[in-house]
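Each chain is listed here by its residues.
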Amino acid sequence: MELDTGATAWMLTSASLVLLMTPGLALFYGGMVRGKSVLNMMMMSFGAIAVTAVVYVLWGWSMSYGSDIGGGIVGNPFEQFALQGAIYDDAGAFLIDDYGVPGIVGVGFQATFAIITVALISGAIADRVKFGTWMVFVALWVTFAYFPMAHMVWGGGLLSGDGPFASIAAPIDFAGGTVVHINAGAAALVLALVVGKRKGFGTEPMRPHNLTLVMLGAALLWFGWFGFNGGSAFTADGFAGLAWVNTTTATAAAVLGWLVVEKFRDGSATSLGAASGVVAGLVAITPAAGSVSPLGSIAIGVVAGGLSALAVGLKYKLGYDDSLDVVGVHLVSGLWGTLAIGFLATETGLFYGGGINQLAVQAIIAVVAIVFSAVVTYVLAIILKPTMGWRVSEEVEVNGIDLAVHGESAYEGIQQGSVIKEVRA
């Protein structure tokens, strides 16, 4: 295969856009927490970049796309350890994939997916977790949860078009409904339950301290998502264009869906709701971006916005402290987007005369993804709880993690041991 410079440029751009999403997430999450822990929240995202980028090069790529060694669950971590054999051919030239893109570009693109996925989980345990434990968890979770899931879905494994469920219909996950959002959402729920609630959860106001940061973070996530979904076409072609348009329309529709629910339920359409609607729409269209029409993307988006707007209140009814609504947005909208393919895929969807097979296989891969992620996360969380410990001390939690753990504060005037006044919307 000859080098396609246009496709290569598109994939390098897409990889850069996806990498930008994690600093965008840091702003989004950072604005949603209280002022005394904003730096810690942002550091959890930057820490995810630092750990995952190194681990991915060492064994992540090989576990995701190497030869299967575990019944369709995981690839051989040693086959291309440290990318040996993944960059050059026997003649010393760069390996080129079927799209005319150097394989090393694909490695970079896929590494950014692993980074953003584990960073998403951090929002569920904001304000109360040891930074060191989080960093160790990142390395363990991407190794035992993310890389196997990527192999199962995109590496020819259990949940792919080569797996056993493909006899029903070929599973569709264009850019990561199962691998990224269901995976992260299920992990977030389990981790929130194991770590426990913040002090004052349900009795004290814990409102976002800086909605400007939240809106800026949402904007960067939206921008970066064009690389996330458009880049998953793996070349600059019509599918990339379709993914771009679907990403735009679904996200816009989700904002409207969220704001309508807010207006009727609470009386106000808020900036936090708009920003959250952006993320819900982006999540929902991710698995479906290449298989539905723009009209279908609008339907996916508006339902995702409404569902997630309702789902974020479940934590108060059910008593789990998912601090920044990772479950309500990523798990719920990720599930909806994955299942919606069964209805709205233009070639195989139920509404297009394709029968029920696509919906059935989408439900199967969603359930498998939830169970696998939940079990792995629970085991890791339980191992770390007595060994390293998850929770900071009550004093640190009350006074703020930023000063106690990182030795700095985001805003002048916030002093260790002082009474923190929240900036309220």
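What comes next is a walk through the structure. (Residues numbered from 1 in each chain as written. Predicted model: local features only at pLDDT ≥ 70, side-chain atom pairs only at ≥ 80, totals over all residues. Heavy atoms only, no water.)

Looking now at the overall build of the chain. Counting its regular elements, the chain contains 14 helices and zero strands. If you list the helices and strands of the chain from N to C, you get α-α-α-α-α-α-α-α-α-α-α-α-α-α. Taking 22 Å as the expected radius of gyration for a compact globule of 425 residues, we find that the chain reaches 21 Å, a close match to that expectation. If you line up the chain on its principal axes, its C-alpha atoms span 65 × 50 × 35 Å. Across the 425 residues of the chain, 56% fall into the buried class. Sequence separation of 24 or more characterises 76% of the internal contacts of the chain that already satisfy a separation of 6 or more. Here the chain has roughly 16200 Å² of accessible surface; of this, 67% comes from carbon and sulfur atoms. Here the chain carries 16 positive and 26 negative side-chain charges, and the mean point of each set is 22 Å from the other. (Helix = DSSP H or I, 4+ residues; strand = E, 2+ residues; numbered from the N terminus. Rg over C-alpha atoms; globule rule 2.2 N^0.38 Å. Buried < 20%, exposed > 50% of the residue type's maximum accessible area, 1.4 Å probe, protein only. Contact = heavy atoms within 4.5 Å. Areas by Shrake-Rupley, 256 points an atom, 1.4 Å probe, with all protein chains shown as cover. Lys, Arg positive; Asp, Glu negative; His and termini not counted. Charge placed at Lys NZ, Arg CZ, Asp CG, Glu CD.)

Here the focus is the packing of helix H11 (residues 326-344) against helix H12 (residues 357-387). Each packed pair of helices is defined by two parameters, the angle between the axes and the distance between the axes. The contact between H11 and H12 brings their axes to 6 Å, and the two run at 155 degrees. As far as their axial angle goes, H12 and H11 are roughly antiparallel. Considering only the axes of H11 and H12, their crossing is right-handed. Together, Leu331, Leu335, Thr338, Leu339, Ile341, Gly342 and Phe343 of H11 and Gln358, Leu359, Gln362, Ala363, Ile365, Ala366 and Ile370 of H12 make up the contact between the two elements. (Axes fitted to C-alpha atoms, helices over the stretch in contact; angles between N-to-C directions. Parallel < 35°, antiparallel > 145°, perpendicular 65-115°, else oblique. Left-handed = near helix turned anticlockwise from the far one by under 90°.)

On to the nonpolar core. Formed by 104 residues in total, the largest nonpolar core has its most connected members in Phe28, Ile121, Trp134 and Trp141. Here the element with the most residues in this core is helix H4 (residues 131-154); it accounts for 13 residues. Within the second largest apolar cluster, 14 residues are counted, among which are Ala288, Ala289, Ala340 and Ala345. (Core = buried A, V, L, I, M, F, W, Y, C linked by side-chain atoms within 4.5 Å.)

Okay, H11 next. For H11, spanning 19 residues, the distance from its first C-alpha to its last is 25 Å, which sits close to the expected 27 Å at 1.5 Å a residue. Among the 19 residues of H11, 15 are classified as buried, and the element is accordingly described as predominantly covered. (Expected span 1.5 Å × (residues − 1).)

The next point concerns the environment of Val367. Summarising the element assignment, Val367 is placed in helix H12. A relative accessible area of 49% places Val367 in the partly exposed class. Sequence-wise, Val367 and Ile182 are 185 residues apart; in three dimensions their C-alpha atoms are separated by 9.3 Å.

Another point: the environment of Phe131. By secondary structure assignment, the location of Phe131 is in helix H4. For the pair formed by Phe131 and Asn40, sequence separation is 91 residues and the distance between their alpha carbons is 7.8 Å. If near-sequence neighbours (up to four positions away) are discounted, Phe131 is found in contact with Asn40, Met43, Met44, Val405 and His406.

In this section: the side chain of Thr286. Of note, Thr286 is situated in the loop between helix H8 (271-285) and helix H9 (294-311). Here Trp225 takes part through its side chain, which lies 2.8 Å from a polar atom of the side chain of Thr286. Other than its neighbours up to four places away in sequence, Thr286 contacts Phe174, Ala175, Gly176, Gly177, His181, Trp225, Phe228 and Asn229. (Polar contact = N/O pair within 3.5 Å; in protein donor to acceptor, adjacent residues only side chain to side chain.)

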